[in-house]
Amino acid sequence: MKHADQSTPATTIPAEHRADVETLWDYHNMHHELRPCDIGIGLGSHDLGVAIIATDLYHRGYYPLLVFTGANAPTTKDRFPRGEAVHYAEYAMKHGVPEAAILIEPQAVNTQQNFELTRRLLDGRGISTRSAIVMSRPYQQRRAYATALTVWPGLDVVNASNPMNLDDYVSSIGDVRRVIDMIVGDTQRIEIYGERGFAAPQEMPTSVRAAFERLVDAGYSSRLI
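As a convention, each chain's residues are numbered from 1 in the sequence order in which they are written. Where totals are concerned, whole chains, interfaces and linings use all residues; where local detail is concerned, this predicted model gives features only for residues with pLDDT of at least 70, and gives and counts side-chain atom pairs only at 80 or more. In computing side-chain values, all of the structure's heavy atoms are included and hydrogens and water are not.

Peer 1: Talk me through unusual backbone geometry; I want residue IDs and the actual numbers.
Peer 2: Most peptide bonds adopt trans geometry, and most residues besides glycine take a negative phi value. One non-glycine residue, histidine 31, lies in the positive phi region at around 55°. Within the fold, histidine 31 resides in the loop between α1 (18-28) and β1 (39-43). Only runs of H or I of at least four residues qualify as helices and only runs of E of at least two qualify as strands under DSSP, and these elements are numbered from the N terminus.

What follows is the structure, given as structure tokens:
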């Protein structure tokens, strides 16, 4: 197995891998058209961009209620020590979203639990939910969509992320290897989680599968199951 060049500048995608990374990046983007929904759901992660887009869409009137869901993972405990959902909510309130318009689900540790526990929270409050804008990291869109189809059948899901091109996103995270590893890991999870019944199966074009395999062979494998 070849290994990715460790000397590559932290925010520069290696030229020899750019086309494959762009292929996976585009595959995970669901390209949904935004429309008003009953709620917004911000999925916790290391990416503050989720809170940024969730706050923006609230102010633009896309939903009256915003749920942030997420505890911590090894990749977030240092950045968000009080929990992903809590830090996202604090960002939203600091930027003008009323506290009364925010619910916090602080226990989910994976995408399946994000939806299960958010649904339980809303049901417990008697909040009827037929549609949701689900906000996540850009490369988590497809997995979030597939998971919601399985965990919350009947929910009309629109996926969204903080609008950035690939290079700007890598710069915002500050670690190109981490981003590529995460994109590769999410690609693998699309197939494995579909096979295991955790998420609805998703078609994977031959070009995507080939790009994934080349990046794994190049050493971008730290997030593989």
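Peer 1: For the pattern of salt bridges, give the residues involved together with the corresponding values.
Peer 2: We count a salt bridge whenever a side-chain nitrogen from Lys or Arg sits within 4 Å of a carboxyl oxygen from Asp or Glu. On inspection of all chains with the given rule, the structure shows 10 salt bridges. Between arginine 130 and aspartate 38 there is a salt bridge; the shortest N-O distance is 4.0 Å. Residue arginine 130 is located in the loop between α4 (111-124) and β4 (131-135), and its partner aspartate 38 is located in the loop between α1 and β1; the two are separated by 92 residues in the primary sequence. Working definition: with a 1.4 Å probe on protein chains only, accessible area under 20% of the residue-type maximum means buried, over 50% means exposed, and in between means partly exposed. The class of arginine 130 is exposed, set by a relative accessible area of 61%. Between glutamate 90 and arginine 82 there is a salt bridge, with the nearest N and O atoms lying 2.7 Å from each other. Through salt bridges that share partners, Arg18, Glu22 and Asp167 make up one connected network.

Peer 1: An account of helix α5 (residues 141-151) is requested, with residue identities and associated values reported.
Peer 2: Counting buried positions along α5 yields 8 of 11 residues, so the element is predominantly enclosed. For α5, the complete set of buried residues consists of Gln141, Arg142, Arg143, Ala144, Ala146, Thr147, Ala148 and Val151. Those residues of α5 hidden inside the fold are in contact with α1, β1, α4, β4, β5 (156-160) and α7 (176-196). Contacts between residues were defined by any pair of non-hydrogen atoms, one from each residue, lying within 4.5 Å.

Peer 1: Explain the environment of aspartate 175 residue by residue, including any values.
Peer 2: With respect to the helices and strands, aspartate 175 occurs in the loop between α6 (166-173) and α7. Since its relative accessible area comes to 32%, aspartate 175 is described here as partly exposed. Sequence separation of aspartate 175 and glutamate 90 is 85 residues, and the distance between their C-alpha atoms is 25 Å. Dropping the residues within four chain positions of it, aspartate 175 is found in contact with Ala10, Thr11 and Val170. From its side chain, aspartate 175 meets the backbone nitrogen of arginine 177 in a polar contact 3.2 Å long. Distance and chemistry together define a polar contact, namely a pair of N or O atoms within 3.5 Å, with one atom able to donate a hydrogen and the other to accept it when in protein, and with adjacent residues in sequence counting only for side-chain atoms on both sides.

Peer 1: For the packing of α1 against helix α8 (residues 206-217), give the residues involved together with the corresponding values.
Peer 2: Where α1 contacts α8, the two axes come as close as 9 Å, and the packing angle between them is 130°. As judged from the angle between their axes, α1 and α8 are oblique. Viewed along their axes, α1 and α8 form a crossing whose handedness is left-handed. Side by side, α1 and α8 meet where Asp20, Val21, Thr23, Leu24 and Tyr27 of the first sit next to Ser207, Val208, Ala211, Phe212, Arg214 and Leu215 of the second. For this classification, Asp, Glu, Lys and Arg are treated as charged, while Ala, Val, Leu, Ile, Met, Phe, Trp, Tyr, Cys and Pro are nonpolar and the rest, including Gly, are polar. Classifying every residue of the contact of α1 with α8 gives 7 nonpolar, 2 polar and 2 charged. Convention adopted: a line fitted to C-alpha atoms gives each axis, helices being fitted over their contacting stretch, and angles between N-to-C directions are expressed from 0 to 180 degrees. Roughly parallel refers to an angle under 35 degrees, roughly antiparallel to one over 145, roughly perpendicular to one between 65 and 115, and oblique to any angle outside these ranges. Two helices crossing with the near one rotated counterclockwise from the far one by less than a right angle form a left-handed crossing, whereas a clockwise rotation gives a right-handed crossing.

Peer 1: With reference to specific residues and values, describe the packing of aromatic side chains.
Peer 2: Here the aromatic set is Phe, Tyr and Trp, taking the six-membered ring for Trp, and pairing holds for ring centres within 6.5 Å; pairs whose planes are under 30 degrees apart are stacked, those over 60 apart are edge-to-face, and all others are tilted. Under the counting rule described, the total for this entry stands at 4 aromatic pairs. Taking 5.5 Å as the distance between ring centres and 50° as the angle between the ring planes, the aromatic pair formed by tryptophan 25 and tyrosine 169 counts as tilted. Within this pair, whereas tryptophan 25 is found in helix α1, its partner tyrosine 169 is found in helix α6, the two being separated by 144 residues in sequence. For the pair formed by tryptophan 25 and tyrosine 169, the shared burial category is buried. Between tyrosine 139 and tyrosine 169 the ring centres are 6.1 Å apart and the planes differ by 80°, which places this aromatic pair in the edge-to-face class. Here the residue tyrosine 139 occupies a position in the loop between β4 and α5, and tyrosine 169 occupies one in helix α6, the gap between them amounting to 30 residues. Side by side, tyrosine 139 and tyrosine 169 carry an identical accessibility label, which is buried.

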